[in-house]
Amino acid sequence: MKQELISIQRYVGMEARKFPQATGEFTALMTEIVLTAKVISSQVNKAGLIEILGKTGETNIQGEEVRKLDEYANDLFLHILKYSGHVCAMASEEAEELVQGPHYSNSGKYVVLLDPLDGSSNIDANVSIGSIFAIYKRVSPAGQPGELRDFLQPGKDMIAGGYIIYGSSTMMVYSTGQGVHGFTLDPSVGTFLLSHPNITLPSKCNIYSVNEGYFHRWHEGVRHFVDHCKGSGPEPLEKPLSARYIGSMVADFHRNLLYGGIFMYPGTINAPLGKLRLMYEANPMAFLLENAGGYASNGYEPILEVNPSELHERTPLFMGNRDEVLQLEDFVKRYNPELVESYFANKDNGKAIAT
Ligand code: P6P
């Protein structure tokens, strides 16, 4: 028989058995996320065929146009998790406030943060998109609704992080801190099967991913680093990297995780904190990367060390091969020392001015 067929449910259970104190609640929660992923995958794959494309005419709290698949994915995740009994509250890019469950969910041990369908502006162009999740243990007393403090935890305290990528195949990639593992959905049997055990970032950085349309809005250190990646500017790389940027973070991340690369979404002069969200975009990806041998930074310090101040706060994001991300931090230090100084001077009040 060829490689043993291990379903994601079995794998999560195998991992849990390494912890005698495990109650099975986390395994049950992951099973709910897997179910949601399967349903969304079936809808995304049909999106071109059924009236689910197009816009709802509404905008989300980010002021972005909500597309029907966005709304569908958000509603499904929240509905399934809300009634699972394991989650005392949820947060979503599509919801301004925390989402509470029914009374019995107050006993839930976990909170979940979601970007239900990231990259949705690419849906109509059939570009790969993804769902991102982060799971934390609640810090508020059990038996009452989840609170904001359950969510505003640094990424380093995450229990599990992962994403589902809806592409040429649907894959789920997650980590609980015991390595990064990838599972591919076999639609014929409706099961995610272990296809990429113990994913580690290739030692060589081959790719740089950034939207260079913003080049002239970046601070000097970032501009010189991106030029460096292209083999130009004051400190040109001898062998330039390949440029790859889809504009769908989960897809860009997944490719760079498998091939080696650095993904960047810097702040700009008029948007110093950039576009991406700390809690449910940067942190889960940073958690995965650090478990795969990579590193994620906001240009000044590890993303996972940042103490969040708001649920939907944005952050500049540089993530991928450790040496290249550390080099970016060095460029910022040398070309924009004033930014580094103001960041750490303001760090405690959470009002840092970022690259
Ligand atoms: P830009 C998609 O809208 C998204 O949130 C990420 O998935 C992606 O990396 C980024 O925005 C693309 O933004 O400004 O380059 O179009």
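Just above, that's the structure.
Residues numbered from 1 in each chain as written. Predicted model: local features only at pLDDT ≥ 70, side-chain atom pairs only at ≥ 80, totals over all residues. Heavy atoms only, no water.

Asker: Give a detailed account of the sheet that holds strand E7 (residues 160–166), specifying residues and quantitative values.
Answerer: Taken together, 8 strands build an open sheet; the order of strands is E4-E3-E5-E6-E7-E8-E9-E10 and the sheet is mixed. Across the chains shown, the open sheet's two edge strands, defined by having one partner strand only, are strand E4 (95–100) and strand E10 (191–196). Within this sheet the neighbouring strands show an average axis-to-axis angle of 20 degrees, counted without direction. Note that E7 and strand E8 (residues 170–175) share 6 bridges and pair antiparallel. The partner of Ile164 across the bridge, within E8, is Met172. In this fold helix H7 (residues 278–291) packs onto strand E3 (87–92), strand E5 (110–118), strand E6 (129–137), E7, E8 and strand E9 (180–186), with an angle of close to 80 degrees to the strand it touches most, E6. (Pairing = 2+ DSSP bridges. Helix = DSSP H or I, 4+ residues; strand = E, 2+ residues; numbered from the N terminus. Axes fitted to C-alpha atoms, helices over the stretch in contact; angles between N-to-C directions. Contact = heavy atoms within 4.5 Å.)

Asker: Tell me about the site of the ligand, and please be specific about residues and values.
Answerer: Surveying the vicinity of the ligand reveals 13 residues, the closest of which are Asp118, Tyr214, Tyr245, Met249 and Tyr265. Contact distances for the ligand include 2.9 Å between an oxygen atom and a side-chain N or O atom of Asn211. Of the residues contributing to the shell around the ligand, the split by class is 6 nonpolar, 5 polar and 2 charged. Shared between two domains, the shell around the ligand takes at least three residues from each, and those domains are domain 1 (8–196) and domain 2 (207–348). (Near = heavy atom within 4 Å. Polar contact = N/O pair within 3.5 Å; in protein donor to acceptor, adjacent residues only side chain to side chain. Nonpolar A, V, L, I, M, F, W, Y, C, P; charged D, E, K, R; others polar. Domains from an automatic or database assignment.)

Asker: Explain the side chain of Arg277 to me, and be specific about the residues and the numbers.
Answerer: Its place among the elements puts Arg277 in the loop between strand E13 (261–265) and H7. It is Glu93 that comes nearest to the buried, bridge-free Arg277 among opposite-charge side chains, at 4.2 Å. With residues near it in sequence (within four places) discarded, Arg277 still touches Gln62, Glu93, Ala282, His312, Glu313, Arg314 and Thr315. (Buried < 20%, exposed > 50% of the residue type's maximum accessible area, 1.4 Å probe, protein only. Lys, Arg positive; Asp, Glu negative; His and termini not counted. Salt bridge = Lys/Arg side-chain N within 4 Å of Asp/Glu carboxyl O.)

Asker: Got a sec to walk through the nonpolar core? Specific residues and values, please.
Answerer: In this structure, Leu113, Tyr163, Leu257, Met285, Leu317 and Met319 are the most contacted members of the largest nonpolar core, which totals 64 residues. Taken together, domain 1 (8–196) and domain 2 (207–348) each give at least three residues to this core, which thus spans both. What Leu113 contacts, discounting residues up to four positions off in sequence, is Ala91, Ile132, Phe133, Ala134, Tyr136, Phe151, Met279, Tyr280 and Leu311. Residues Ile6, Leu69, Val87 and Met172 belong to the second largest nonpolar core, which totals 40 residues. (Core = buried A, V, L, I, M, F, W, Y, C linked by side-chain atoms within 4.5 Å.)

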